[in-house]
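A look at the structure
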Amino acid sequence: MIGCCGLRPYKTNEYEIGFHLRPEFWRQGYAAEDANAVIEYAFTVLKAKKLFAGHNPNNSKSRKLLNKLRFIYIGDEFYEPTGLYHTSYELKKPGINSSKFM
């Protein structure tokens, strides 16, 4: 097992995407590859209108990946388990003829 990537319900017709990899698998492209597959599934199969993502403010690698995946910064959201304001992003359903996310 190298990690996980998936969706969970967030709001009506919106999902939160998350991905976690074991450190020995970082910087090998797995997170981007997995996230792209999950994004495609969310928009084509689940017919999601938007995806939400957040990350610990100290995790610059997640920020870079979300930017690469075309997520847009929408503000900071308090996350009780860490006691920190986590950077939050959204990705709206792409237009017609736009099936690639990177």
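Note: the structure precedes this text.
Topic: helix H2 (residues 60–68)
- Listed in full, the buried residues belonging to H2 are Ser62, Leu65 and Leu66. Along the axis of H2, the buried residues cluster in a sector spanning 100°; they form a single face.
- For H2, the capping residue at the N-terminal end is asparagine 59, with a side-chain oxygen 3.3 Å from the backbone nitrogen of lysine 61.

A closer look at the environment of arginine 63
- Looking at the secondary structure, you find arginine 63 in helix H2.
- Distance from arginine 63 to phenylalanine 43, taken between C-alpha atoms, is 22 Å for residues 20 residues apart in sequence.
- Each residue touching arginine 63, except ones within four places of it in the same chain, is listed here: His55 and Tyr89.

Side note on the sheet that holds strand S2 (residues 14–21)
- Pairing is mixed across the open sheet formed by 5 strands, whose spatial order is S1-S2-S3-S5-S4. Edge positions in the sheet fall to strand S1 (3–11) and strand S4 (72–79), since each has one partner strand and no second. Shown here is a sheet whose adjacent strand axes are inclined to one another by a mean of 30°, direction ignored.
- In the sheet, S2 pairs with strand S3 (residues 50–55) via 3 bridges, with the strands oriented parallel. Bridge assignment links tyrosine 15 to a residue of S3, and that residue is leucine 51.
- Against the sheet, H2 engages S2, S3 and strand S5 (84–92), with an angle of about 160° to S3.

Looking at unusual backbone geometry
- The backbone of asparagine 13 shows a phi angle near 60°, a positive value even though the residue is not glycine.
- Residue position: asparagine 13 is located in the loop between S1 and S2.
- One non-glycine residue with positive phi stands out, namely arginine 27, at about 60°.
- You can see arginine 27 is positioned in the loop between S2 and helix H1 (30–44).
- On the accessibility criterion, arginine 27 (70% relative accessible area) is exposed.

Topic: the nonpolar core
- With 20 residues, the main nonpolar core has Ile17, Phe19, Ile39, Leu51 and Phe71 as its most contacted residues.
- Put simply, the parts of the chain that give this core at least two residues each are S2, H1, S3, H2 and S5.
- Top element by residues in this core is H1. It accounts for 7 residues.
- If sequence neighbours within four positions are ignored, phenylalanine 19 has contacts with Cys4, Cys5, Ala31, Ala35, Leu65 and Leu66.

So, how was this worked out
Counting restarts for each chain: residues are numbered from 1 in the order of the written sequence. Under the rules for a predicted model, residues below a pLDDT of 70 receive no local features and side-chain atom pairs below 80 are neither given nor counted, while totals for whole chains, interfaces and linings still include all residues. Only hydrogens and water are set aside when side-chain values are computed; all heavy atoms of the structure are taken into account. Relative accessibility thresholds used throughout: buried, under 20% of the residue-type maximum; exposed, over 50%; partly exposed, between the two (1.4 Å probe, protein chains only). Secondary structure elements are taken from DSSP: a helix is a run of H or I of four residues or more, a strand is a run of E of two residues or more, and numbering for both begins at the N terminus. By arc we mean the arc of the directions from the helix axis to the C-beta atoms, nothing more. What qualifies as a polar contact is a pair of N or O atoms within 3.5 Å, subject to a donor-acceptor requirement within protein and to the restriction that residues adjacent in sequence count only when both atoms come from side chains. By definition in these notes, contact holds between two residues if any of their heavy atoms fall within 4.5 Å. At least two DSSP bridges between two strands are needed for those strands to be called paired. With axes taken as lines fitted to C-alpha atoms, and helix axes fitted only over the stretch in contact, angles between N-to-C directions fall between 0 and 180 degrees. We call a set of buried residues a nonpolar core when its members are Ala, Val, Leu, Ile, Met, Phe, Trp, Tyr or Cys and they connect through side-chain atoms within 4.5 Å of each other.

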